[in-house]
There are 2 protein chains.
Amino acid sequence: MSAAADRRPAVVLVSGGLDSATVLAIAAERGFGCYALTVDYGQRHRQELAAARRVARTAGVVEHRSVSLDLAQFGGSALTDPRAPVPEQPTAGIPVTYVPARNTVFLAVALSWAEALGALDIFIGANAVDYSGYPDCRPEYVAAFEKLANLATRIGVEQGGLSIHAPLIHMRKAQIIQQGVRLGVDYALTLSCYQPKGEGEPCGVCDACRLRAKGFAEAGLRDPLVVGATR
Amino acid sequence: MSAAADRRPAVVLVSGGLDSATVLAIAAERGFGCYALTVDYGQRHRQELAAARRVARTAGVVEHRSVSLDLAQFGGSALTDPRAPVPEQPTAGIPVTYVPARNTVFLAVALSWAEALGALDIFIGANAVDYSGYPDCRPEYVAAFEKLANLATRIGVEQGGLSIHAPLIHMRKAQIIQQGVRLGVDYALTLSCYQPKGEGEPCGVCDACRLRAKGFAEAGLRDPLVVGATR
């Protein structure tokens with residue numbers, strides 16, 4: 001296999017969660033040299049950033065960059081506002097953990113790096129099945145961003161064919177986990193919880209923890225992060 | 001006239017240049033309470049940020065925010081790379097001063113703030129006539145972003161009608177200047193130059209200076225920034 005840096009380059013958004021860790025493994029399996037991008041947007045839980053670094057390092061990326069952009073100053077989300085409680089029961093509609101335009105900001109920054117690298121491929125872990133109902137995780141959203149990317153950039157206008165890959169978009173959480181396990185992803189490195197305790201221990205009751213637990217249960221696998229699980 | 005904070009809110013991207021200063025005056029004239037947003041993306045010329053502050057303050061905005069996001073680390077543009085010379089003659093195609101995906105990043109951040117504010121209106125000074133040939137200044141680009149914004153956000157999905165206003169898009173530079181002068185914009189506060197000297201004095205030879213000089217000449221007006229001009 002060629003060295004990662006010699007392969008066709010792709011920018012992969014890596015948050016430190018289960019989904020993006022799986023996407024990174026999928027992009028690498030497809031033969032891309034991966035440039036992992038984490039956006040530090042002022043999320044309450046700084047352990048996410050440490051998880052992203054662990055995941056990227058372990059996956060053998062060409063490069064990992066963390067870019068700071070303070071979306072927390074705008075407010076409007078329980079994920080960036082320490083005063084707003086994270087819901088511990090399922091809620092109807094788009095939940096308060098939605099961060100205004102988060103994936104648009106993430107993809108815009110990824111697009112800027114991709115173009116500077118000469119990369120035509122961007123990967124994102126958006127998922128529209130076992131997800132929290134965020135509007136920027138739907139297939140029509142991803143398609144609209146891809147169209148925009150090709151109009152927005154020199155690389156899109158001159159070469160065309162900029163692709164936004166969302167390989168998980170139609171998968172159930174259990175399928176994502178099975179796929180990741182098959183590709184050797186170590187989910188002990190990831191963090192999904194919206195309100196982890198001290199050293200990154202998941203709360204077990206937030207939306208993200210519930211979706212993750214349901215996914216492992218349906219996959220018939222143990223979550224290596226859950227206390228008492230076999231590591 | 002009602003106080004700015006009581007009006008319908010709009011986020012207005014303000015760079016410190018002539019175009020965005022005019023857009024800010026247009027948005028205010030249309031009755032919006034303006035929330036000015038400047039993105040500090042690592043541009044070589046920090047005087048731009050000072051100009052943005054002057055322009056926003058003078059226009060009586062409800063609030064002005066500067067958000068830092070280091071696009072310069074990605075490279076790929078003469079506007080963020082101090083080693084790359086700014087061209088002093090017109091060039092064919094998209095020039096080296098193009099910053100990868102800049103307007104997409106700006107609009108994404110503006111969209112995040114707009115949604116947090118509950119604002120359905122975003123203004124940008126994109127212009128497709130007397131411009132530098134950047135792909136993200138064309139009407140089809142702005143239309144694609146508007147479509148994306150309505151798919152991307154809770155406010156777009158639940159209320160619809162998110163608008164990206166680019167009131168200068170079909171105007172010549174001379175028309176923009178005439179419009180701004182009519183609305184009382186003080187162009188002495190603005191800065192267009194890509195490589196200003198010491199205290200923000202324009203170089204007179206870069207693309208931005210040439211377009212600005214041509215605009216004032218066609219409008220039959222003096223540029224208050226040009227040395228020797230009557231202020």
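You'll find the structure just up there.
Here goes a summary of the coordinates provided. Remember, it's a predicted structure, so these values are computed and weren't measured experimentally. (Residues numbered from 1 in each chain as written. Chains lettered and ligands numbered in written order. Predicted model: local features only at pLDDT ≥ 70, side-chain atom pairs only at ≥ 80, totals over all residues.)

When helices and strands are counted, chain A shows 7 helices and 5 strands. When the helices and strands of chain A are read in sequence order from the N terminus, they spell out β-α-β-α-β-α-β-α-α-β-α-α. A burial count over chain A gives 52% of its 231 residues as buried. For chain A, restricting intrachain contacts to residue pairs at least 6 apart in sequence, the fraction spanning at least 24 positions comes to 69%. (Helix = DSSP H or I, 4+ residues; strand = E, 2+ residues; numbered from the N terminus. Buried ≥ 20, exposed ≤ 12 C-beta atoms within 10 Å, placed from the backbone. Contact = placed C-beta atoms within 7 Å.)

Next up on the list: the sheet that holds strand 5 (residues 163-165) of chain A. Residue and element names in this part refer to chain A. Taken together, the 5 strands give an open sheet; going across it, the order is 3-2-1-4-5, and neighbouring strands pair in parallel fashion. The two strands at the open ends of the sheet, each matched to only one other strand, are strand 3 (63-68) and strand 5. Between one strand axis and the next, the sheet turns through 25° on average, direction left out of account. Two strands pair when backbone bridges link them, and strand 1 (residues 8-13) and strand 2 (residues 32-40) are joined in this way by 6 bridges, in the parallel orientation. Along strand 2, the bridge assignment pairs Val11 with Tyr35. Against the sheet, helix 1 (residues 18-29) touches strand 1, strand 2 and strand 4 (121-123), its axis set at about 160° to strand 2. (Pairing = 2+ DSSP bridges. Axes fitted to C-alpha atoms, helices over the stretch in contact; angles between N-to-C directions.)

You can overlay chain B on chain A at an RMSD of 0.0 Å; the transform is a turn of 180° with a shift of 0.0 Å along its axis. Those values place the two copies in the arrangement expected of a two-fold rotation axis. For chain B, the smallest separation between a C-alpha atom and the rotation axis is recorded for Leu69(B), amounting to 2.6 Å. With an isologous cut-off of 70% or more, the 100% of interface residues of chain B that recur at the interface of chain A puts this contact in the isologous class. (Least-squares fit on C-alpha atoms with pLDDT ≥ 70 in both.)

Residues and elements named next belong to chain A. For helix 2 (residues 47-58), built from 12 residues, the straight-helix expectation of 16 Å at 1.5 Å per residue is met to within 8% by its first-to-last C-alpha distance of 17 Å. Packing partners of the buried residues in helix 2 comprise helix 1, strand 2 and strand 3. Gly60 sits one or two positions beyond helix 2 and adopts a positive phi of about 70°. (Expected span 1.5 Å × (residues − 1).)

Read these as geometric descriptors, not functional statements.
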